[in-house]
Structure formats: C-alpha cells, structure tokens
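As a plain string of letters, each chain reads:
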Amino acid sequence: MKRRPPSRLGITRRVSLGFAAVALVLTGCNAADGSPSASTATLKVVATTTVFADIIRNVGGDRVAVSSIIPPGVGPEDYEPKPDDARKLADADLIVSNGVGLDDFLDKLIGAGRSAQAARLVLGDGIPTILVNGEANPHFWLDPSLVIDHYLPAITAELGKLDPPGAAGYTANASAFAAKAHSMDAANMAKVESIAAANRRLVTFHDAFPYFAKHYGFELVGVILANVGQEPSASDLARLVDEVRAAHVPAVFSEAQFSPKLAQTLAQEAGVTKVVTTLYNDALGPAPADNYLGLMEWNMDEIVRALT
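Residues numbered from 1 in each chain as written. Predicted model: local features only at pLDDT ≥ 70, side-chain atom pairs only at ≥ 80, totals over all residues. Heavy atoms only, no water.

Observations regarding the sheet that holds strand β3 (residues 94-97)
In space, the four strands of this open sheet follow the order β2-β1-β3-β4, with parallel pairing throughout. Looking at the sheet topology across the chains shown, the edges are occupied by β2 (64-68) and β4 (119-122). Between one strand axis and the next, the sheet turns by 20° as a mean value, whatever way the strands run. Pairing between strand β1 (residues 43-47) and β2: five bridges, direction parallel. Pairing of Val45 across the sheet is with Val66, part of β2. The strands that helix α2 (residues 50-60) touches are β1, β2 and β3; relative to β2, the one it contacts most, it runs at about 175°. (Pairing = 2+ DSSP bridges. Helix = DSSP H or I, 4+ residues; strand = E, 2+ residues; numbered from the N terminus. Axes fitted to C-alpha atoms, helices over the stretch in contact; angles between N-to-C directions. Contact = heavy atoms within 4.5 Å.)

Right, dumping it as structure tokens:
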C-alpha cells in the first residue's frame with residue numbers, strides 16, 4: 001500500500017561548497033533530484049513548474065540540466081515572482097512554459113532579466129482547449145494523451161534543434177517515457193472501471209481537472225474556487241452546496257497546495273462525508289507524487305478510493 005504524503009510540503013535546499021552563488025541558484029534543484037548539474041550538461045533548461053521540469057528531464061537525460069522557477073508544492077496561477085527568479089533565467093539555453101494563461105508571470109521575469117536571447121518553448125501552443133466559463137483552460141498535462149501527443153514531440157524537437165548531436169538520444173528518451181505514460185494511463189483507465197458509473201463525478205477545489213475528467217470519463221459537478229486567490233461569496237458557496245447535494249457526490253476533492261477549510265465547509269454543508277485534500281496537479285509533491293507519472297497514479301488512486 002502506498003504511503004500517504006503529507007499535505008504540507010517541505011522544500012529541502014542542498015548547498016555544494018564547490019560552486020559559486022549564481023551556479024547554486026541555477027543548479028540546486030537538479031542536484032537534489034539526481035539530474036545532471038549545469039556544469040556537466042550540454043543544455044540548461046528552466047521550466048516554470050516542477051511538473052514540466054520532470055517531463056523535460058525525462059526527455060533530456062544526462063545532456064540537459066533542468067530547474068523550475070516555482071518550487072514544489074506551489075501553484076502557478078497566483079505565484080508572485082521573486083528577485084532571484086530572474087537570475088535562474090539569466091544563463092538558460094531554453095525557457096519552457098505552458099501558456100494559455102497559466103504562467104503569465106514569466107513575461108515580466110524575462111523582460112526584467114538578461115534572458116531575452118534564450119529560446120522559448122510554450123507547451124500549450126496548438127493544443128485544442130476546453131473552455132471553462134468562457135476561458136481556455138491550461139491544465140493539459142492531466143490528460144496523459146496530450147503529454148504524449150503534444151508535449152513530448154515539442155520538447156524533443158526543441159532540444160534536438162538546440163543540441164543536434166543529442167537529437168537521437170532525445171527521441172529515444174521521449175519514446176521510452178511515452179511508453180511508461182501509456183502504461184500508467186492504461187492502469188488508470190482500469191482503475192476507473194472499479195467506480196460505479198453513477199459515482200464518476202468530481203467536485204474539485206479549482207478548475208484544474210477538465211482535461212482529466214474528459215479523458216477518464218468523469219463528470220465535473222463544480223469547483224469551489226472559480227478564481228484562485230479569491231474566495232467564493234456566500235451566494236456562490238450556497239449555490240455549489242445545492243449542486244453538490246443534487247448530484248449526490250460521494251466525495252469532495254481539494255489539492256495539497258490549498259487550505260482544506262473551504263472543501264471541508266462545503267462537504268459539511270452538503271452532507272458529504274468524504275473529503276480528500278491531497279491531490280496534486282500544478283506542482284509535484286512528496287513521493288510517490290514527486291514525478292509526473294507518480295502524480296497521475298496517486299491522484300487516480302485517491303479518487304478511486306473516495307468514490308468506491
């Protein structure tokens with residue numbers, strides 16, 4: 001049985017005395033997870049989130065040093081850039097973001113720093129979007145087929161263009177990772193079958209799950225926060241309580257990066273006894289959710305456990 005990770009995430013910083021201060025900023029994240037350091041890798045890549053950094057690391061292998069701007073356990077929608085973030089971008093060969101409004105803070109960082117010459121890759125470019133309240137939703141990666149069909153080819157092509165001698169290796173790494181993602185996805189699909197069709201309904205904290213729901217066959221009943229950082233009004237919460245009661249959902253779901261209080265209040269008002277507050281989507285968490293494939297497996301296991 002998998003161990004439940006804590007809802008409060010700690011961030012461990014490791015310092016190597018043999019590196020200068022700027023090198024520490026650029027490579028500290030990689031040293032902590034065993035990926036190559038910036039001093040030995042061919043390319044330096046900075047991604048906006050830990051999720052994207054993990055996917056890139058699987059494609060790049062030993063030739064790429066990858067770090068993320070946003071630390072583990074922190075979401076991008078309301079992230080406030082820090083002065084040191086611009087320094088992370090200063091020596092990057094490639095800067096990777098999702099786009100579609102998820103990581104708009106990056107534009108300010110690039111404008112304020114010395115990273116204008118770095119190549120840019122926007123993973124969401126060209127992916128058909130799902131509209132939520134009239135706005136394009138950016139959470140593509142929670143549908144693994146979109147990672148396989150869009151993210152991986154885009155990352156492979158960009159790395160190969162910047163580092164032609166490594167192109168064959170990047171292609172092989174992407175194929176191997178795609179195979180693992182296919183296997184994870186098939187296992188998740190099988191887990192969904194254990195949930196009664198009437199219970200395949202989700203109430204989530206924010207609107208991160210439309211692609212997940214569409215791919216795996218869940219109905220999205222509602223979200224607690226329409227806008228991250230802005231609590232729902234009393235009338236909005238009352239309306240959601242009525243919707244949840246009418247849908248007879250077995251559980252309410254929230255993410256570890258947010259306070260559980262609103263989810264618990266909604267569940268209590270709607271008469272829902274199960275509250276899950278340990279899903280991960282915008283950021284990696286502790287093991288086993290400390291990598292993209294593990295995050296997807298963990299989320300499905302938590303959802304299945306609550307809905308069956």
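Past the structure itself, the notes keep going.
Section: the packing of aromatic side chains
Taken as a whole and judged by the stated rule, the model has eight aromatic pairs. Their ring planes at 65° and their centres at 5.3 Å tell us that Tyr79 and Phe105 sit as a pair that is edge-to-face. Of the two residues, Tyr79 is situated in the loop between β2 and α3 (83-90) and Phe105 in helix α4 (residues 105-112); the sequence distance between them amounts to 26 residues. Of the two residues, Tyr79 and Phe105, neither departs from the other in class, the shared state being buried. Here Phe209 and Phe212 contribute two aromatic rings whose centre-to-centre distance is 5.6 Å and whose plane-to-plane angle is 90°, an arrangement assigned as edge-to-face. Site record: aromatic cluster; members linked through ring pairs are Phe209, Phe212, Tyr216 and Phe218. (Phe/Tyr/Trp six-rings, centres within 6.5 Å; stacked < 30°, edge-to-face > 60°. Buried < 20%, exposed > 50% of the residue type's maximum accessible area, 1.4 Å probe, protein only.)

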